[in-house]
Amino acid sequence: MHRRKLLKLGSFGLGALATHKLFATGFSGHAERKPIVLSTWDAGIEANKAAWKILRENGHALDAVEQGVMVTESSQNCCVGLGANPDRDGYVTLDASIMNGNGDCGAVAFLERIKHPISVARRVMEKTPHVFLVGSGAQQFAVEEGFPLEKQVLSSDAQKTYDEWLKEHHYKPQVNIENSKGQQAFAPSKLSNNQWNHDTIGMIALDGHGNLGGSCTTSGMAFKMRGRVGDSPIIGAGLFVDNEAGAAVSTGLGEEVIRTCGTHLVVEFMRQGLSPRDACKNAVSRIIDRYKNTDKIKDIQVGFIALSPKGEYGGFCIHSGFNYAVCYADTYNQLINSEFIYK
Ligand code: ASP
């Protein structure tokens, strides 16, 4: 099972700065860059490579963000694509969304047995008068569009993790195990260090023509209640893109992102003039404010990344542990530790 590892911040040498409540500045890109692509977590490095191939040839952001996250969907990642952890009944169900800077968008949720939900989301956008298809209807549409119906089998890693989870089958939605291995939610108490209970790849890009695009794809929370859908396929929650104001994508506990229309909020903050980094920080603070005077926030992780129409970028999360990959040159594809509120 490949899981993200907390980074050593290699070339940035950040260890010394990590004692501050917030990381010192330096992780948000204030320079204007075009083209550029950003994506969540360390799987973003490989995904960015595929996206960059398109962007460097003056291709379109929408193609880049689709091709980019398809790499992750094809991998045997714990929480993206058909190799992912299943829901609590043992089925892998996938959510995805895609959007361009003109407001065109498409999404699928609770989709089973289809390898590339992101491409089905794009077909929903391009070939139907609708935005969102779910469940058996989304699957039927995918098959009609020529997507093969894959076998309903768990990957061997997912089967192992699921069997272990079944022994205790705790069901408690918390997402902050990047920060504390002691607070595991849907996961068995004895998850090894390299296993996680949630994951998503979200990608946002600005192409050489000045168009923004975004994509988001996930299996959601491991061992989730059957039928549960998170923020990732919901436009304005998991993903929002507007050529005039910017693009944002989220990861973490989807319910909190839905409650705050998280990425729409980030983009609207950018429209009001905030930098991508400050817009993400404000959206994170909005979530935290809901839990003022309680200790619930310790169990909630959410991270946002954002990109301005000029190619400035930034990210912010609630608890330390979230990272994202930024690529804007053949020689620059770098993982960056997000700034955070709580260490
Ligand atoms: N946001 C996703 C969800 O709630 C999970 C994640 O990002 O890891 O489904």
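Residues numbered from 1 in each chain as written. Predicted model: local features only at pLDDT ≥ 70, side-chain atom pairs only at ≥ 80, totals over all residues. Heavy atoms only, no water.

Looking now at the overall build of the protein chain. The number of helices and strands found in the protein chain is 8 helices and 13 strands. Out of the 343 residues belonging to the protein chain, those deemed buried represent 59%. The contacts in the protein chain between residues at least 6 apart in sequence include a share of 66% that link residues at least 24 apart. Accessible area for the protein chain stands at about 13,500 Å²; split by element, carbon and sulfur atoms hold 49% of it. (Helix = DSSP H or I, 4+ residues; strand = E, 2+ residues; numbered from the N terminus. Buried < 20%, exposed > 50% of the residue type's maximum accessible area, 1.4 Å probe, protein only. Contact = heavy atoms within 4.5 Å. Areas by Shrake-Rupley, 256 points an atom, 1.4 Å probe, with all protein chains shown as cover.)

Next up on the list: empty space enclosed by the protein. Tallied over the entire structure, the rule returns 1 cavity of 30 Å³ or more. Around the largest cavity, the lining comprises 14 residues; the ones closest to its centre are Thr 200, Gly 220, Arg 228, Asp 231 and Gly 252. Only strand 5 (198–206) and strand 6 (212–221) provide two or more residues apiece to the lining of the largest cavity. Among the residues making up the lining of the largest cavity, the classes are represented as 2 nonpolar, 8 polar and 4 charged. (1 Å grid on protein atoms, 1.4 Å probe; cavity = no way out; pocket = protein on both sides within 12 Å on 5 of 7 lines; lining within 4 Å. Points joined across faces, edges and corners; volume = space filled by probe spheres on them. Nonpolar A, V, L, I, M, F, W, Y, C, P; charged D, E, K, R; others polar.)

Here we come to the pattern of salt bridges. Applying the stated rule across the entire model yields 19 salt bridges. Between Arg 123 and Glu 145 there is a salt bridge, with its nearest N and O atoms 3.0 Å apart. Placement of the pair is Arg 123 in helix 3 (residues 117–127) and Glu 145 in the loop between helix 4 (135–144) and helix 5 (156–168), with a sequence separation of 22 residues. Relative accessible area serves as the criterion here: at 28%, Arg 123 is assigned to the partly exposed category. For Glu 256, the salt bridge identified is with Arg 259, shortest N-O distance 2.7 Å. Of this pair, Glu 256 and Arg 259 are both found in helix 6 (residues 254–259), 3 residues apart, which corresponds to roughly one turn of the helix. (Salt bridge = Lys/Arg side-chain N within 4 Å of Asp/Glu carboxyl O.)

The N-to-C vectors of helix 1 (residues 44–56) and helix 2 (residues 61–74) enclose an angle of 150 degrees; their axes lie 7 Å apart at closest approach. In terms of orientation, helix 1 and helix 2 fall into the roughly antiparallel class. Seen from above, helix 1 lies across helix 2 with right-handed handedness. Across from Glu 46, Ala 47, Ala 50, Ala 51, Ile 54 and Leu 55 in helix 1, the residues of helix 2 making contact are Ala 61, Asp 63, Ala 64, Gln 67, Gly 68, Val 71 and Thr 72. Looking at side-chain class alone, the contact of helix 1 with helix 2 contains 8 nonpolar, 3 polar and 2 charged residues. (Axes fitted to C-alpha atoms, helices over the stretch in contact; angles between N-to-C directions. Parallel < 35°, antiparallel > 145°, perpendicular 65-115°, else oblique. Left-handed = near helix turned anticlockwise from the far one by under 90°.)

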